[in-house]
Amino acid sequence: MGRFCNHKLLLNCCNLLFLICGTILVVSGFYLFTDTKRILLSRLLAATSERLNDLPEPLFYYISIGLAMAGLIAVLAAMMGFWASCLNTYCCLSFYFLTVVVLLLAESVVCLAITLWPHCLGINLDEAKMSKALQANYGVPGREQFTIAMDLAQAKFGCCGMNSDSDYDVSLWKLQSYGQRDWVVPLTCCILDNPSDKKSHLDPKPANETLCQSIEKREYTQYRFTSPCLSYLDNWYRQQYVIFLAASLIIAVVEFCVLLSITLACTRVSTKKVKVESFMELRPRIKRRQSLVENVYEPEVELRIAEEPRGAIIHGVPSDISEDFKEVYIQPRDLYKNRYNTTFKPISSDYSVPTTRSYLV
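Reference entry: report on the structure contained in this document.

Quick notes on the rules
Residues numbered from 1 in each chain as written. Predicted model: local features only at pLDDT ≥ 70, side-chain atom pairs only at ≥ 80, totals over all residues. Heavy atoms only, no water. 1 Å grid on protein atoms, 1.4 Å probe; cavity = no way out; pocket = protein on both sides within 12 Å on 5 of 7 lines; lining within 4 Å. Points joined across faces, edges and corners; volume = space filled by probe spheres on them. Helix = DSSP H or I, 4+ residues; strand = E, 2+ residues; numbered from the N terminus. Nonpolar A, V, L, I, M, F, W, Y, C, P; charged D, E, K, R; others polar. Core = buried A, V, L, I, M, F, W, Y, C linked by side-chain atoms within 4.5 Å. Buried < 20%, exposed > 50% of the residue type's maximum accessible area, 1.4 Å probe, protein only. Contact = heavy atoms within 4.5 Å. Salt bridge = Lys/Arg side-chain N within 4 Å of Asp/Glu carboxyl O. Disulfide = S-S within 2.5 Å.

Reported here for the largest pocket is a volume of approximately 1200 Å³. For the lining of the largest pocket, the secondary-structure elements that each account for two or more residues are α1 (2-34), α2 (36-45), α4 (59-87), α5 (90-116) and α11 (229-296). For the lining of the largest pocket, the per-class residue count stands at 29 nonpolar, 4 polar and 3 charged. For the second largest pocket, the calculated volume is near 220 Å³. Lining the second largest pocket are 15 residues, and of these Thr36, Lys37, Ile39, Leu40 and His201 lie nearest its centre. Of the residues forming the lining of the second largest pocket, the biggest block, 4 residues, is contributed by α2.

Judged by nonpolar contacts, the single largest core of 63 residues is most densely connected at Phe18, Leu44, Tyr96, Met150, Tyr168 and Val258. Elements represented by at least two residues in this core include exactly α1, α2, α4, α5, α6 (127-137), α7 (144-157) and α11. With 13 residues, the top contributor of residues to this core is α11. Residues within four places of Tyr168 in sequence aside, it is in contact with Leu134, Tyr138, Met150, Gln154, Cys160, Gly161, Trp173, Lys174, Val184, Val185, Pro186 and Cys189.

Using the criterion set out here, one finds 3 salt bridges in the structure. In this structure, the salt-bridge partner of Asp35 is Arg38, at a minimum N-O distance of 2.9 Å. Taking the relative accessible area as the measure of exposure, Asp35 reaches 18% and is therefore buried. Residue Arg38 is classed as partly exposed on the basis of its relative accessible area of 24%.

A separate point is the state of the cysteines. Covalent bonding between the sulfur atoms of two cysteines defines a disulfide. Tallied over the full model, the rule gives 3 disulfides. Across the disulfide from Cys159 sits Cys229; the S-S distance is 1.9 Å. In this structure, the disulfide formed by Cys159 and Cys229 twists by about 100° around the S-S bond and is classed as right-handed. Taken as a pair, Cys159 in the loop between α7 and α8 (172-175) and Cys229 in helix α11 lie far apart in primary sequence, 70 residues in all. Cys229 matches Cys159 in its accessibility class, with the two residues each being buried. The partner cysteine of Cys190 in its disulfide is Cys212, sulfur to sulfur 1.8 Å. Across the S-S bond of Cys190 and Cys212 the torsion is about -90°, and the bridge reads as left-handed. Of this pair, Cys190 sits in the loop between α8 and α9 (209-212) while Cys212 sits in helix α9; the two residues are 22 residues apart in sequence, bridging distant segments of the chain. By the burial criterion, Cys190 is buried, and Cys212 matches it. No disulfide involves Cys14; its sulfur sits 5.2 Å from the nearest other cysteine sulfur, which is in Cys257.

Have a look at this one:
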């Protein structure tokens, strides 16, 4: 019983860890959903993919919903694990085992896809493709999310353009005059007076707009960001990638622990089932022997056994079996047989008198 309780305690502890991981996933999904800047920057990661770029929302918006859904499924699975632990049946534990295996396989597929084949998800930070995406989408009507995301990256990282500030020279924003004609680069490429403002990318205030928009390099060097944004964006993507993989690894370890505890619990249930079945098989034999012992020494049964022919059935017990049983069973001596002897005279049957001749004189 103690060993069984240990297996059950281990399963409940693993279920508790699994429940905590599911809760953290739900909270992380809601946190990411409310982090508008992080979601907005993810629009730049999918800029080279036509399918993802045409989505109404950025990539991290759907990832946040996926995290919340995955956490909710993990919480429900952990609650089912507690229920299976209470019932302690092979069927419930097997169903819980299959559920955790499916979750683990789905998580493994997603992690492998992100690790080995990020192009399958449309994530490609190639320099030439990112520059073309900037030139084709920045400032264009209908691409407001990309424009705001690029302004956010330039104001946040202190950079200008994907490869350099010259990316804007042949962009539709400059050629089609979607911005002001005298602007060489967007205002977010300039060094700002309000960098600590959370909405500085929406309302940039350059320290010196005139010198920032100058064509001469010696004039705008101190008032314009010249480093490319692609390197910063790549580092930011790697940070998000490491966080995602670390969280996935922790959840995978917890799921492996849950699978191990379920296996141990199922093994214990199977062993207990075998013991119960063997006991149920021996129970009729034990009852038959008990009834045999109780019925053989009843006076009426003894009398009927003496009168009935060999092989007859008396009270469900064959007479020949009773006789055989009486031969091997040693009856105890009746200590109260002579309880009315109060003469204090010795009973001759209890003593043996020697028959040899005595030579005492």
